[in-house]
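# Breakdown of the fold
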Amino acid sequence: MIDIAGAVAADAIDEETRDQPEPAHRAAGVGPVVAHYGDPMREQRVLATGVGLVDRSHRGVIAVPGEERIGWLHTLTSQHLAALAPWQGTELLVLSPHGHVEQHAMVADDGETTWLDTEPGTTGGLLSYLERMRFFSKVDPRDATADHALLSLVGPEAAGALDTLGVTGLAAPDVIGVPGPKFRSGELPARPSVVYDVKPLPVGGWARRVALGVDLLVPRPAMAQVVAELRGAGVPVAGLWAYEAIRVAARRARAGVDTDHRTIPAEVDLIAPAVHLDKGCYRGQETVARVHNLGKPPRRLVLLHLDGVASDQPPVAGTPVTVDGRTVGFVGTAVHHFELGQIALAVVKRNTPDDARLMVGESAAAIDAV
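Okay, so let's go over this structure. (Residues numbered from 1 in each chain as written. Predicted model: local features only at pLDDT ≥ 70, side-chain atom pairs only at ≥ 80, totals over all residues. Heavy atoms only, no water.)

## Some words on the layout of surface pockets
Reported here for the second largest pocket is a volume of approximately 580 Å³. Looking at the second largest pocket, it is lined by 37 residues, and the ones nearest its centre are Glu-91, His-104, Met-106, Arg-252 and Ala-253. Those elements that place two or more of their residues in the lining of the second largest pocket are strand 6 (101-109), strand 9 (148-154), strand 11 (194-200), strand 12 (206-210), strand 13 (213-219), helix 7 (240-249) and helix 8 (271-274). With four residues, helix 7 is the largest single contributor of residues to the lining of the second largest pocket. (1 Å grid on protein atoms, 1.4 Å probe; cavity = no way out; pocket = protein on both sides within 12 Å on 5 of 7 lines; lining within 4 Å. Points joined across faces, edges and corners; volume = space filled by probe spheres on them. Helix = DSSP H or I, 4+ residues; strand = E, 2+ residues; numbered from the N terminus.)

## Notes on empty space enclosed by the protein
In this structure the tally under the stated criterion is one cavity of 30 Å³ or more. Quantified by volume, the largest cavity comes out at close to 50 Å³. Its residues assigned to classes, the lining of the largest cavity comprises eight nonpolar, three polar and no charged. (Nonpolar A, V, L, I, M, F, W, Y, C, P; charged D, E, K, R; others polar.)

## Quick look at unusual backbone geometry
Although it is not a glycine, Trp-87 sits at a positive phi angle of roughly 65 degrees. Considering the arrangement of structural elements, one finds Trp-87 in the loop between helix 3 (69-76) and strand 5 (88-95). What makes Trp-87 partly exposed here is its relative accessible area of 30%. (Buried < 20%, exposed > 50% of the residue type's maximum accessible area, 1.4 Å probe, protein only.)

## Quick word on the pairing of strand 5
For strand 5, a buried count of seven out of eight residues is recorded, marking the element as mostly surrounded by other parts of the structure. As consecutive antiparallel partners, strand 5 and strand 6 are separated by five residues, and within that stretch Gly-99 has a phi angle of approximately 85 degrees, a positive value. Where strand 5 and strand 11 come together, two bridges link them in antiparallel fashion. Paired with Gln-88 across the two strands is Asp-197, which belongs to strand 11. (Pairing = 2+ DSSP bridges.)

## Structural notes on the pattern of salt bridges
Tallied over the full model, the rule gives 21 salt bridges. Glu-91 serves as the salt-bridge partner of Arg-252, at 3.4 Å between the closest nitrogen and oxygen. Of this pair, Arg-252 sits in the loop between helix 7 and helix 8 while Glu-91 is found in strand 5, placing the two residues 161 residues apart along the sequence. Looking at Glu-91, the relative accessible area reads 1%, which means it is buried. (Salt bridge = Lys/Arg side-chain N within 4 Å of Asp/Glu carboxyl O.)

## Focus on the pairing of strand 7 (residues 113-118)
When a strand is regular, its side chains alternate between the sheet's two faces. Along strand 7, six of the six residues are buried, which leaves the element largely enclosed by surrounding structure. Alternating residues of strand 7 divide into Thr-113, Trp-115 and Asp-117 and Thr-114, Leu-116 and Thr-118, and every residue in both groups is buried. Both strand 4 (residues 60-65) and strand 7 contribute to a ladder of six bridges, which runs antiparallel. Residue pairing across strands places Gly-60 opposite Thr-118, the latter belonging to strand 7. Examined bridge by bridge, strand 6 and strand 7 share five bridges and lie antiparallel to one another. Within the sheet, the bridge partner assigned to Ala-105 lies in strand 7 and is Thr-118. Adjacent in sequence and paired antiparallel, strand 6 and strand 7 are bridged by three residues, among which Gly-111 carries a positive phi angle near 95 degrees.

Read these as spatial facts, not as claims about activity.
Listed below in structure tokens is the structure:
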């Protein structure tokens, strides 16, 4: 945790795992992360208009060294990784045989190791799957959470703040986009559907340009030094509450919070960043292809504006969304936004009208569909 006066530790989903009785970062000897530093609304404004440093060191980190790592991960996941070059990053999914989202990971390759960072509490499940699929491949996946920490520079000025750390020229994310249905095989470039620029950090680890800013993977012993250098250059800190509010307003789903066991990638806008629609076989590909080419997903991700809220506490993840007493979906992440008020991501049935009067617990909600 960034140990600064006024820091308040996070709880709920950012303190507990979903697949282990003990928090994964606790088991790895990693301390808690910060919810806020005393003024979460001000911290949100900083992230929305400038740049702030967010401690996301509770995320799991898997290191995959080995000369066959790129081709091996290519065959197991939804992303086209065969052409991933050193010092590039992307996103990937591990799907069930029926195409449901099981794992989501951010990716970076440094020429010797492919790094996967994952949601808190999901690292064990992803690592277990990778180990089962090793067979005779020359790879050696391991849990590196205890050794490396993820920090994030968030906001429109994030790339410029890297000058303090001696890193310049990080390119913006390169997205190939999602083509229309029934495109001919071979029309998409044989490369990841999104490419993130990655550069080495002088202290070790790397910086990766992403949609909301820049992620920094640093050795844990160097974390305090990196934080001190950035703060000394005038970069303020912000907590996870602020980060989550910015993420929700940007309509970016978080696996395990804004998804359930039935979620398929097309329902929560994970096709563009994490799925290549024209690559070889992988588990769950049939569902992805069928939905894209022949129909529409049964549900969709929406942004809810909550009205008439009876409590200062946002609804918890999993709260039903109803229309006239009939359940049409569920709430994922709900937050207080400094401009939009109380908002939430939700997954609802596709045929739910945009002007339907929705209820979330005791509160009414209006859809801002995506």
